[in-house]
Amino acid sequence: QVRLVESGGGLVQPGGSLRLSCAASGSIFSLGAMGWYRQTPGKQRELIASITSSDSTNYADSVKGRFTISRDNAKNTMYLQMNSLKPEDTAVYYCNAGVRTTTGPRLYNTYWGPGTQVTVSS
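(A) Representation of the overall build of the protein chain. A tally of regular secondary structure across the protein chain gives zero helices and eleven strands. The linear arrangement of helices and strands in the protein chain, starting from the amino end, is β-β-β-β-β-β-β-β-β-β-β. Scaling as 2.2 N^0.38, a compact globule of 122 residues should have a C-alpha radius of gyration of about 14 Å, and the protein chain matches this with 14 Å. Dimensions of the protein chain, computed from C-alpha atoms along their principal axes, come out at roughly 50 × 25 × 25 Å. Counting every position in the protein chain, which comprises 122 residues, the buried fraction comes to 39%. For the protein chain, the accessible area works out to roughly 6600 Å², and carbon and sulfur atoms hold 46% of it.

Printed below as a string of structure tokens:
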């Protein structure tokens, strides 16, 4: 089994910062591309940042210049540094990763974390 768990969410004032973490555990051979998504009630889940196994990154226009995605392959962990937070950043943030397992075939399956709440409010 492979498990992804997000942490670091919480309540922060506008203009503040938060750092989210996504830790992968289980029978992991390697991690492929990873990404952060967010979703608010009644809206579709959207991709806000992604990072490849070679550290190439992409950002949604809404977070570009404010958020930074990174990864530590030795720790099987991905991060999202969020600065200059705005009320519209309020959402549940989800971790997503392609994972090749030690016991499975030579392919990457997609896994999701359960999400962590980020609330930006004064």
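Having put the structure on the table, let's press on.
(B) The nonpolar core, seen in detail. Within the largest apolar cluster, 29 residues are counted, with the highest numbers of intra-cluster contacts made by Trp36, Phe67, Met78, Leu80, Met82 and Tyr93. Among the elements that make up this core, the one with the highest residue count is strand β9 (residues 91-101) (five residues). Residues within four places of leucine 80 in sequence aside, it is in contact with Leu18, Arg19, Leu20, Trp36, Ile48, Ala49, Phe67, Thr68, Ile69 and Tyr93.

(C) Structural detail: the pattern of salt bridges. The tally for this structure, following the rule as stated, stands at four salt bridges. A salt bridge links lysine 64 to aspartate 61; the shortest N-O distance between them is 3.5 Å. Assessed through its relative accessible area of 67%, aspartate 61 is described here as exposed. Here arginine 66 and aspartate 89 are joined by a salt bridge, their closest N and O atoms 2.8 Å apart. Of this pair, arginine 66 sits in the loop between β6 (57-59) and β7 (67-72) while aspartate 89 sits in the loop between β8 (77-82) and β9, and the two are 23 residues apart along the sequence. With relative accessibility at 1%, the residue aspartate 89 sits in the buried group. Each of Arg38, Glu46, Arg66 and Asp89 takes part in salt bridges that share partners, so that together they form one network.

What counts and what doesn't
Residues numbered from 1 in each chain as written. Predicted model: local features only at pLDDT ≥ 70, side-chain atom pairs only at ≥ 80, totals over all residues. Heavy atoms only, no water. Helix = DSSP H or I, 4+ residues; strand = E, 2+ residues; numbered from the N terminus. Rg over C-alpha atoms; globule rule 2.2 N^0.38 Å. Buried < 20%, exposed > 50% of the residue type's maximum accessible area, 1.4 Å probe, protein only. Areas by Shrake-Rupley, 256 points an atom, 1.4 Å probe, with all protein chains shown as cover. Core = buried A, V, L, I, M, F, W, Y, C linked by side-chain atoms within 4.5 Å. Contact = heavy atoms within 4.5 Å. Salt bridge = Lys/Arg side-chain N within 4 Å of Asp/Glu carboxyl O.

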